Amino acid sequence: MTGYATLSHRPLRRFWGWGNLDHGLSDAERRAVRDGLGRLGSLGTPLSEPKVEEYALAAPRGNVPAALAAIVSSTPYDRLNHAYGKSYADLARLWLRRVPHAPDWVAFPRSEDDIVALLDWASGANVAVVPFGGGSSVVGGVESAVGGDHAAVLTLDMERFDQIHEIDRTSRAARIGGGIPGPSLEAGLRPQGLTLRHFPQSFEFSTLGGWIVTRAGGHYATQYTHIDDFVENVRMVTPAGTFETRRLPGSGAGPAPDRLVIGSEGTFGVLTSAWMRLQDRPRYRASASVRFETLATAIDGVRALSQSGLQPTNCRLLDANEAVSAHVDAGGGALLVLGFESADHPVVAWMERALALAADHGGSWCADEVARSMAAQTGGNEHGDAAGQWRHAFLRMPYRRDEAMRYGVIVDTFESAITWNAFHAFYEGVIQDVGDAIHRVTGRASRISCRLTHVYPDGPAPYFSFSARGREDGDLASALSMWREIKRACNEAVIRHGGTSTHHHAVGRDHRSAYEREVPDLMRQALVAAKATLDPAGIMNPGVLFDPAGRTIGVTGALA
Ligand SMILES: Cc1cc2nc3c(=O)[nH]c(=O)nc-3n(C[C@H](O)[C@H](O)[C@H](O)COP(=O)(O)OP(=O)(O)OC[C@H]3O[C@@H](n4cnc5c(N)ncnc54)[C@H](O)[C@@H]3O)c2cc1C
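Keep in mind it's a predicted model, so treat the numbers as computed, not measured.

Remarks on the overall build of the chain
Thinking step 1. Each helix and strand in the chain was counted, giving 16 helices and 17 strands.
Thinking step 2. The C-alpha atoms of the chain give 23 Å as radius of gyration, which agrees with the globular expectation for 560 residues (24 Å, within 12%).
Thinking step 3. With an accessible surface of roughly 21400 Å², the chain has 51% of that area assigned to carbon and sulfur atoms.
Thinking step 4. The positive charge centre, built from 56 side chains, and the negative charge centre, built from 62, are 2 Å apart in the chain.

A short note on the sheet that holds strand β6 (residues 173-177)
Thinking step 1. Read across the sheet, five strands follow the order β5-β6-β10-β8-β9 without closing on themselves; strand pairing throughout is antiparallel. Lying at the two open borders of the sheet, with one neighbouring strand each, are β5 (164-168) and β9 (241-244). Adjacent strand axes in the sheet meet at a mean angle of 10° when their direction is disregarded.
Thinking step 2. Across four bridges, the pairing between strand β8 (residues 231-238) and β9 is antiparallel.

Here's the deal with the packing of aromatic side chains
Thinking step 1. All told, the structure shown has 18 aromatic pairs when counted by the stated rule.
Thinking step 2. A centroid spacing of 5.3 Å and a plane angle of 80° characterise the contact between W18 and F205, whose relative ring orientation is edge-to-face. Remark: F205 occurs in the loop between β7 (194-195) and α6 (208-214) and W18 occurs in the segment before α1 (27-37); sequence separation between them is 187 residues. Accessibility assignment for this pair places W18 and F205 in one class, buried.
Thinking step 3. Taking the centre distance of 6.3 Å and the plane angle of 20° together, the rings of F203 and W211 count as stacked. As far as burial versus exposure is concerned, F203 and W211 are alike and both buried.
Thinking step 4. Each member of the aromatic cluster is reached from another via a ring pair, and the members are F414, F423, F426, Y427, F464 and F466.
Thinking step 5. Positioned above the aromatic ring of W275 is the side chain of R247, whose terminal nitrogen or guanidinium carbon lies 3.8 Å from the ring centre.

Considering the packing of helix α13 (residues 420-442) against helix α14 (residues 476-496)
Thinking step 1. Interaxial distance between α13 and α14 falls to 9 Å at its minimum, and their mutual angle equals 160°. Accordingly, the angle class assigned to the pair α13 and α14 is roughly antiparallel. Crossing hand, α13 versus α14: right-handed. Within the contact between the two elements, α13 uses F426, V430, D433, V434, A437, I438, R440, V441 and T442 and α14 uses M482, E485, I486, A489, C490, A493, V494 and R496.
Thinking step 2. Within the contact of α13 with α14, the residues separate by chemical class into 12 nonpolar, one polar and four charged.

Some points on the nonpolar core
Thinking step 1. Residues F15, Y88, L94, L317, L336, L338 and I410 are the most contacted members of the largest nonpolar core, which totals 75 residues.
Thinking step 2. Top element by residues in this core is α14. It accounts for 10 residues.
Thinking step 3. Both domains that meet at this core, namely domain 1 (27-157) and domain 2 (284-376), each give it at least three residues.
Thinking step 4. In this structure, L317 is in contact with L295, A298, I299, V302, A334, L335, L336, C450, R451 and L452, ignoring residues within four places of it in sequence.

Section: the domain arrangement of the chain
Thinking step 1. If you check the domain split of the chain, you get domain 1 (27-157) and domain 2 (284-376).
Thinking step 2. One C-alpha centre belongs to domain 1, the other to domain 2; they are set 41 Å apart.

Structural notes on the pattern of salt bridges
Where charged atoms from two side chains of opposite charge come close, those side chains can pair.
Thinking step 1. Counted by the stated rule, this structure contains 37 salt bridges.
Thinking step 2. Note that R93 is salt-bridged to E143, the shortest N-O span being 2.9 Å. One end of the pair, R93, is in helix α3 (residues 88-95); the other, E143, is in the loop between β3 (127-132) and β4 (152-157), and 50 residues separate them in sequence.
Thinking step 3. Overall, the relative accessible area of 7% leaves R93 in the buried class.
Thinking step 4. Residue classification places E143 among the buried residues on the basis of a relative accessible area of 2%.

Regarding the site of the ligand
Thinking step 1. Not every one of the 35 residues close to the ligand is listed here, only the nearest: P131, G133, S136, S202 and T207.
Thinking step 2. A distance of 2.9 Å separates an oxygen atom of the ligand from a polar atom in the side chain of T214.
Thinking step 3. For the ligand, a nitrogen atom lies 2.8 Å from a polar atom in the backbone of L271.
Thinking step 4. Protein burial of the ligand: of its 960 Å² of free accessible surface, 97% is covered by the chains.
Thinking step 5. Elements supplying a minimum of two residues to the shell around the ligand: β3, α6 and β10 (270-277).
Thinking step 6. A per-element tally of the shell around the ligand places α6 first, with five residues.
Thinking step 7. Its residues assigned to classes, the shell around the ligand shows 14 nonpolar, 19 polar and two charged.

Some details on the environment of E516
Thinking step 1. Mapped onto the fold, E516 is located in helix α15 (residues 512-516).
Thinking step 2. When its relative accessible area of 35% is taken as the criterion, E516 is described as partly exposed.
Thinking step 3. For the pair E516 and F546, spaced 30 residues apart in sequence, the C-alpha separation works out to 8.0 Å.

Regarding the environment of R396
Thinking step 1. Relative to the elements of secondary structure, R396 occurs in helix α12 (residues 386-406).
Thinking step 2. For R396 and V52, which are 344 residues apart along the polypeptide, the C-alpha to C-alpha distance reads 25 Å.
Thinking step 3. Within the local environment of R396, its side chain forms a polar contact with the side chain of E29, the two groups lying 2.8 Å apart.

With respect to the environment of T238
Thinking step 1. Positionally, T238 belongs in strand β8.
Thinking step 2. A residue is classified by how much of its surface remains accessible, and T238, at 5% relative accessible area, is buried.
Thinking step 3. Separated by 29 residues in the primary sequence, T238 and T267 have C-alpha atoms spaced 9.3 Å apart.
Thinking step 4. Sequence-distant contacts of T238, that is, excluding residues within four places in its chain, are made with L119, F243, F268, G269 and L534.
Thinking step 5. A distance of 2.7 Å separates the side chain of T238 from the backbone oxygen of G241, its partner in a polar contact.

Considering the sheet that holds strand β16 (residues 447-456)
Pairing between the strands of a sheet is mediated by backbone hydrogen bonds and can be parallel or antiparallel.
Thinking step 1. Pairing is antiparallel in the open sheet, where six strands are placed in the order β12-β14-β13-β16-β17-β15. Unpaired on one side and paired on the other, β12 (284-292) and β15 (409-415) mark the two borders of the sheet. Direction aside, the axes of adjacent strands within the sheet are offset by 15° on average.
Thinking step 2. In terms of strand pairing, β16 meets strand β17 (residues 459-469) through nine bridges, oriented antiparallel. Its bridge partner being in β17, S449 is matched across the sheet by S465.

Observations concerning α3
Since one α-helical turn is 3.6 residues long, residues separated by three or four positions face the same way.
Thinking step 1. Counting buried positions along α3 gives eight out of eight residues, so the element sits mostly inside the fold.
Thinking step 2. Of all the residues in α3, the buried ones are Y88, A89, D90, L91, A92, R93, L94 and W95.
Thinking step 3. Looking one or two places after α3, you find R97, whose phi comes out positive at around 60°.

Calculation criteria
Residues numbered from 1 in each chain as written. Predicted model: local features only at pLDDT ≥ 70, side-chain atom pairs only at ≥ 80, totals over all residues. Heavy atoms only, no water. Helix = DSSP H or I, 4+ residues; strand = E, 2+ residues; numbered from the N terminus. Rg over C-alpha atoms; globule rule 2.2 N^0.38 Å. Areas by Shrake-Rupley, 256 points an atom, 1.4 Å probe, with all protein chains shown as cover. Lys, Arg positive; Asp, Glu negative; His and termini not counted. Charge placed at Lys NZ, Arg CZ, Asp CG, Glu CD. Pairing = 2+ DSSP bridges. Axes fitted to C-alpha atoms, helices over the stretch in contact; angles between N-to-C directions. Phe/Tyr/Trp six-rings, centres within 6.5 Å; stacked < 30°, edge-to-face > 60°. Buried < 20%, exposed > 50% of the residue type's maximum accessible area, 1.4 Å probe, protein only. Lys NZ or Arg CZ within 6 Å of the ring centre and 35° of its normal. Parallel < 35°, antiparallel > 145°, perpendicular 65-115°, else oblique. Left-handed = near helix turned anticlockwise from the far one by under 90°. Contact = heavy atoms within 4.5 Å. Nonpolar A, V, L, I, M, F, W, Y, C, P; charged D, E, K, R; others polar. Core = buried A, V, L, I, M, F, W, Y, C linked by side-chain atoms within 4.5 Å. Domains from an automatic or database assignment. Salt bridge = Lys/Arg side-chain N within 4 Å of Asp/Glu carboxyl O. Near = heavy atom within 4 Å. Polar contact = N/O pair within 3.5 Å; in protein donor to acceptor, adjacent residues only side chain to side chain.

Okay, here's the thing in C-alpha cells:
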C-alpha cells in the first residue's frame, strides 16, 4: 500500500483514528452516526480520510548510530503512527494534517539488550525517549511534542515484547512481556483455562506494559478495578540500569518498589515484563438491567450494593443522557447494568440479593430477561438485552468518534473519582461548569452524560461524555481550539469539585496541570528525585507527570 512502509509487524493501523486500516464502520453504522449528529445542526461536507503522503514531516534531526539502524525506522508511516495517541486532540490534529512534532525515529527493540543500547545512546545524545505500547493514550502520554531542549525524540515501540514467557499454574500467575496486546495475552492464557480478566475498552489496541504504567481500569466494576491488583512483580530497564522486583503474594517490607513503577507513565524506564496474577475463566454468569426513576435513588441503590460485599463484576450506572447515547431504554431515569460471574459457583444467589437491594431503592427490571440470563448463565453478552446492547455500543464507540470528527464535531470524555458523601455536589457542579464552558465557547448548549464505571465502598468513579458542535461549517481547526478551552474547564471542574484529575486514563501531558494540584509538593519532589536516580539525563518521556530535575518543561502537547 502506498506510503505504508514500516518496520512494524502489526497489521497496518488507521493512524488518524481507531483500529486497523482494513476495519472501520459499516455503511449502516456511518449513517447512524450522521443521523445522531443531525440533532446538533446541519452537517457540512466531511473531511476525506488522511493519506500518508499528505503530511509534510520535518527531516529527522541527526542520525542514529549504525549499530542501532536495523531496529530504528524513520518512514513517514511509522513516524505518523507514533506521533500521537488517540485523544480527541490527537486525532483532530491528524485529520487536520498537522504534525509539527513527529518523532524523529521510531525504534522496535527485539530484546532488553536493544533497549539498553537505545537508552545509553539517547542519554548521551540528549535524545528524549517516549515508550509506546499500543498508543491508545488519551492524555497525551505518547505525544512526541516533549518540550525542553532535547536534541531529538525517539519513540520506543514495545510490540516485539509480546510473549507469555512462563505460566505458574500452581500460584496461578504468568510472566508476560510488556508489549503484549490484550487479545494475544488472553489467547495465550485461554488453553490453560486462565485469564487476566482485565478488559479496558481499549483492550484490542493496548498493551500490558501500557496498562501497568498508566494504572488502567478494566472491566471489573468492583474489587479488582485497576491493573495494580494483578501485578505480582515488574521488570524495568531504566537509563541507570535494569531491576526486577520480587515475586511475592504480598509483603510488608517498606515502600513497595513495584508500586513506584505502577503509574510511572514511561518517565522512569521501560517495563519489559511482569508476573501477573491470573484467574480461572468464569463459567457462571448472570446479568440484569435495572431501571430507576431518578438518579438519586439509583445512587442510593448502587452505594448499598457497593457496601454489601457482593462484589458484582459489572455495576455500571448510566444517567438518563448516557442511556440515550448508548441507545438503551432507561425510561427517562437511570439504568444500572449489573453482572456477576464466577469460575467456581453459580451466581444466582448473588444476583437475587443484589436485585433485592436494588428493589429497596425503587429499582425495577424485566423478570423474564433476568430469568433467561440466569438460566442460560450467559451474562448478557448477546445484543438482545439492554446489558448486551450497552456492551455493543461501548465497543463501537471509538469508531463512531472517528466519523463525528470528520464533521468538525467535538466529542470527548473525562473521568474522576469522588467519595459518596460528595458525589451529588460533584456530579452537578461538574456538569454545570463544563456545560457553561461548552456554551461559552461554542455558543450552543450541549448534552453531557455520565456513567459510573467503577464503584468502591467509599465512592464511585464517574465518567463523563459530551459532544458539541463547533462552527456551522464544520471547521475542525476552530473545533480544536474550542476543545482546548473546554478541556481546561474539565480539568478545573474535577479538581474544584473535589475529585481526582483521573481515575484510570492517567495523567500524561493533558492532565498535568490538574495532577500538580493534587499531588503533595513534598511527594512530587520525592518522585523527581527518584527519576533523577533512574534517569539521570532526564530523557524518559519529558513533560509527563512532572519535570525532570534541572529542566523546566511545563505543559506540552495539546494544551500548550
Ligand atoms: C477508545 C479508548 C478506550 C479506552 N478505554 C480505557 C479503559 O477502559 N480503561 C483505561 O484504563 N484506559 C482506557 N483508555 C486509555 C488507554 O487505553 C490506557 O491508558 C492504556 O492503559 C494505554 O495502554 P497502551 O499500551 O496503549 O499505552 P500507550 O498509549 O502506548 O502509552 C501510555 C503511557 O504508558 C507509557 N508506556 C507504554 N508502554 C510502556 C512500557 N512498556 N514501559 C514504560 N512505559 C510505557 C507511555 O510512554 C505513555 O506514557 C482508552 C483509550 C481509548 C482510545
